[in-house]
Amino acid sequence: LAAPLALESGDALDACDVAYTVYGELNANKDNVVLVGHSLTSNSNVGEWWGEVLGEGDAYALNSREDCVICVNYLGSPYGSASPVSADPRKEDRGAYGVDFPTPVTVRDNAVMCMMLLRELGVNGVRCAMGGSMGSMLALEFAATYPDFVKEIIIIAGCGRHTDWAIGIGEAQRYAIMSDGKYKGGAYERDQGPNAGLATSRMMAMLSYRAPASVDGRFSRVRAHEKETKLPYFAVESYLQYQGKKFIRRFDANCYIQLTYTLDSHDVSRGRGDYFDVLANIKQRALVVGILSDVLYPYALQRELADALPNSQLYTIDSPHGHDSFLIEIEQLNAVM
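Residues numbered from 1 in each chain as written. Predicted model: local features only at pLDDT ≥ 70, side-chain atom pairs only at ≥ 80, totals over all residues. Heavy atoms only, no water.

1. Comments concerning the UniProt feature "active site" (unreviewed entry) in the protein
Move 1: Residues given the UniProt feature "active site" (unreviewed entry) here are Ser133, Asp294 and His323. In sequence the annotated residues extend across 191 residues, while in space they remain close, none of their C-alpha pairs exceeding 10.8 Å.
Move 2: Along the chain, the position of Asp294 falls in the loop between strand E12 (285-291) and helix H10 (299-308).
Move 3: For Asp294, the residues in contact, after removing those within four places along its chain, are Ala157, Tyr299, Gly322 and His323.
Move 4: Checked against the element boundaries, His323 lands in the loop between strand E13 (312-317) and helix H11 (325-328).
Move 5: Each residue touching His323, except ones within four places of it in the same chain, is listed here: Ser133, Ala157, Ser208, Tyr209, Ile291, Asp294, Leu296 and Tyr297.
Move 6: Within polar-contact distance, the side chain of His323 engages the side chain of Ser133 at 2.8 Å. (UniProt positions renumbered as here; feature names shortened; annotations may be inferred. Helix = DSSP H or I, 4+ residues; strand = E, 2+ residues; numbered from the N terminus. Contact = heavy atoms within 4.5 Å. Polar contact = N/O pair within 3.5 Å; in protein donor to acceptor, adjacent residues only side chain to side chain.)

2. Quick word on the packing of aromatic side chains
Move 1: Tallied over the full model, the rule gives 11 aromatic pairs.
Move 2: Centroid distance Phe247 to Phe251: 5.0 Å. Interplanar angle 15 degrees. Geometry classified as stacked. The two residues Phe247 and Phe251 agree in class, both being buried.
Move 3: Following the ring pairs from residue to residue traces out a cluster consisting of Tyr79, Phe247, Phe251 and Tyr256.
Move 4: One Lys or Arg, Arg161, reaches over the ring of Tyr275 and ends 3.7 Å from the middle of that ring.
Move 5: The ring centre of Tyr239 lies 4.4 Å from the NZ or CZ of Arg218, which sits over that ring. (Phe/Tyr/Trp six-rings, centres within 6.5 Å; stacked < 30°, edge-to-face > 60°. Buried < 20%, exposed > 50% of the residue type's maximum accessible area, 1.4 Å probe, protein only. Lys NZ or Arg CZ within 6 Å of the ring centre and 35° of its normal.)

3. Quick notes on the domain arrangement of the protein
Move 1: Each assigned domain of the protein is listed here: domain 1 (5-162 + 267-335) and domain 2 (166-261).
Move 2: Put simply, the middle of domain 1 and the middle of domain 2, counted by C-alpha atoms, are 25 Å apart.
Move 3: Domain 1 puts 29 residues into the contact, and the matching count from domain 2 is 25 residues.
Move 4: Here domain 1 and domain 2 share an interface that buries about 2,200 Å² over both sides, 65% of which is from carbon and sulfur atoms.
Move 5: For the domain 1 face of the interface with domain 2, the top three residues by lost area are Leu40, Thr41 and Leu296, together amounting to 24%.
Move 6: Joining domain 1 to domain 2, the criterion identifies one salt bridge.
Move 7: Notably, a salt bridge pairs Arg210 with Asp324, separated by 3.7 Å at the nearest N-O pair. (Domains from an automatic or database assignment. Buried area = accessible area lost by both parts, 1.4 Å probe. Salt bridge = Lys/Arg side-chain N within 4 Å of Asp/Glu carboxyl O.)

4. Focus: the sheet that holds strand E4 (residues 33-37)
Hydrogen bonds along the backbone pair up the strands of a sheet, which may run parallel or antiparallel.
Move 1: With respect to topology, seven strands assemble into an open sheet ordered E3-E7-E4-E8-E9-E12-E13, the strand pairing being mixed. Two strands lie at the open edges of the sheet, namely strand E3 (20-23) and E13, each paired on one side alone. On average, each strand axis in the sheet is inclined to that of its neighbour by 15 degrees, with strand direction left out of account.
Move 2: Both E4 and strand E8 (residues 126-132) contribute to a ladder of five bridges, which runs parallel. The residue of E8 that forms the bridge with Val34 is Cys128.
Move 3: Along the sheet, helix H2 (residues 107-120) makes contact with E3, E4, strand E7 (68-72) and E8, crossing E7 at roughly 135 degrees. (Pairing = 2+ DSSP bridges. Axes fitted to C-alpha atoms, helices over the stretch in contact; angles between N-to-C directions.)

In structure tokens:
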């Protein structure tokens, strides 16, 4: 960014790097932008994780022939934007921020960052701000912060403020990382970090992204093999361990901690007044998508948003696959969007 990013905490990010991906081109009025927010540990490459809704032509909700689709990597993420693994301009040796990265960076800070970037790109308006899970929080916050800049919003499997249930899940995941002896207060070497703690956090997260019926239906108490102790070793255990090991190869523990704090910061009404009054003042046309089996952000949260937003409609996904249905039930999601 050309200017320092002032954060809600009172800190600031100077020479702030921002990673983003663009599909399509700006129109003559520079107001055909669709701003997409990604999920917690994803990146700005929408084509990698939502490729079925992105393409050229009317068959795709994200039609890059007509719209300029922009996705921005969150602050604190290891995929290009300023984060614990990026260079700290305040350090003489240009070492990484590490535990010195400002905490917390809020969802609102990310909305401001997105706006600064869009202005630098010459954008004059956002046709739609949208996203699933954490991406829906960015979309809602962006619309509330810049009401005259955004025409429509699509909120998928999200909430208007992070619940104590979700905060508790995040704290358990953070504690698993911080309790790892290799965490060292966050001052670990990149290749000698708290891998066991980070893998455990990922295993917790994977369960929260699904629903009991989805997990039971997939594994059905099938055994992988017998351990040396002769204890049963179930396929679901093997699966979760595999997911944990895979995750530590692509993610950083300090970044994960930062991003979960960002999630916990989410409250669109913070500093703006009564929660439901704030939602009532978000006038943009809104589509709210809820998933009946979601245990991380239960369906009642999306119904709450749809009831409170004055110009909204609610679409329900009836799927056994829980929160991750926004990445699984692509055909119906593409159609309704």
